[in-house]
Structure formats: C-alpha cells, structure tokens
Amino acid sequence: MGDPVIHEGKLYFRGGYTLFCIDIATGAILWQRKFENHLEHLVISALVLAEGKLILQTAYGFLYALDPQTGSIIWKSEWHGGNCKQMLYYKGNVYFASGGDGKLHAVRVSDGRTIWKEKSPNAGKYGTSSITTGIAINERLGYLYTTDDRYLMCIKLPD
C-alpha cells in the first residue's frame, strides 16, 4: 500500500479504497476518504504531503490534492497513467514515474496542472524503455535520477 505519512500528530495511510487520517495519540479515526470507482483503488498508489496538501495518486492514475485536516478534495488532476509507487516534492511540483504509461511526470502542487510528462529519450530505440521505477532528487544540485529499464538517467530540473 505504500508508506504512510506522519504529520503534526496525525497518521495518513491507505487501505484498499480508503485513505485514513488517525490521531496518533488516541488512535481515533479523524476522517476517511473512500474512492468509489473500482479503478481508483489505493493498492498501487503514492502519497506525499506538500504545501499543506496531501497529494494522492490512485492506481488508475488521477492525482488528488486533499485537505489534511478534513480529507476534502481541493483539486483532481488529469489522468497520469497510474500504478505510481512513489512521488517526490521539489520546488512546487511533485515528480513521479508511472507504470501505467511509462512516463516521467511533473505536476504543480498549487493547482494540479501538468508541467510535463515525458517518455524516455530511449523509447523506440530499445523496445519500450519505459520509466516505471522509483526516482531520486538531489535537491542541492536540482537533479532527478531514474531509469528506463535500460539506462540510468540524470535530468536537470527547472528552478
């Protein structure tokens, strides 16, 4: 289900179709957000807290920004391929590789706008060359590292 997020005494974690917020001190469920669409399960999904929003990608590939206090939806993005296991926040955007479309994505946290979604530069040269694995970001240098199942890549991120 992916790693939970802990913030200000609250634990945010995913069940099959439901995102939960639990008070760590008492164990009380503060809220839960259920996703009714059977394609939007949370088994292969990613969750990150950024700019005061919980950013969640469902397995089907939609990103949601949720209010961490209430679970209310702030915005819902366009489709981003799905099956994302990890998202990282850097300078206003979340970055992730998508197993659903094999692309590397950047989405602005403030409004859910897609900044870019790119195939590997090796796509077509060596089979699919999909970007489906994890990513790492060196914040000091502004580089994103990933692989397309064939080559390791280092990508300079915009400032």
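Scroll up to find the structure this text is about.
What counts, and at which threshold
- Residues numbered from 1 in each chain as written.
- Predicted model: local features only at pLDDT ≥ 70, side-chain atom pairs only at ≥ 80, totals over all residues.
- Heavy atoms only, no water.
- Phe/Tyr/Trp six-rings, centres within 6.5 Å; stacked < 30°, edge-to-face > 60°.
- Helix = DSSP H or I, 4+ residues; strand = E, 2+ residues; numbered from the N terminus.
- Buried < 20%, exposed > 50% of the residue type's maximum accessible area, 1.4 Å probe, protein only.
- Polar contact = N/O pair within 3.5 Å; in protein donor to acceptor, adjacent residues only side chain to side chain.
- Contact = heavy atoms within 4.5 Å.
- Pairing = 2+ DSSP bridges.
- Axes fitted to C-alpha atoms, helices over the stretch in contact; angles between N-to-C directions.

Caption draft 1: Representation of the packing of aromatic side chains. Scanning the entire structure with this criterion turns up five aromatic pairs. Summarising the aromatic geometry, the rings of Y12 and W31 are spaced 6.1 Å apart at their centres and angled 45° between planes, so their arrangement reads as tilted. Of the two residues, Y12 sits in strand β2 (residues 10-14) while W31 sits in strand β4 (residues 29-34), which places them 19 residues apart along the sequence. Both residues of the pair, Y12 and W31, belong to the buried class. Seen from their ring centres, Y95 and W116 are 5.8 Å apart, and the 50° between their planes marks the pair as tilted.

Caption draft 2: Quick look at the side chain of H105. You can see H105 is positioned in strand β11 (residues 104-108). Note on H105: relative accessible area 0%, which makes it buried. A distance of 3.1 Å separates a polar atom in the side chain of H105 from a polar atom in the side chain of D101. Setting aside its immediate chain neighbours within four residues, H105 contacts H80, V94, Y95, F96, S98, W116 and K117.

Caption draft 3: How the structure looks around the sheet that holds strand β12 (residues 114-118). In spatial order, the strands read β9-β10-β11-β12; together these four strands make up an open sheet with antiparallel pairing. Looking at the sheet topology across the chains shown, the edges are occupied by β9 (88-90) and β12. Within this sheet the neighbouring strands show an average axis-to-axis angle of 20°, counted without direction.

Caption draft 4: Molecular detail of the environment of N93. The residue N93 is located in strand β10 (residues 93-97) in this model. By relative accessible area, which is 10% here, N93 ends up buried. As a C-alpha pair, N93 and S110 span 17 residues in sequence and 8.2 Å in three-dimensional space. Once residues within four sequence positions are removed from consideration, N93 is found in contact with L88, V107, R108, V109 and I115.

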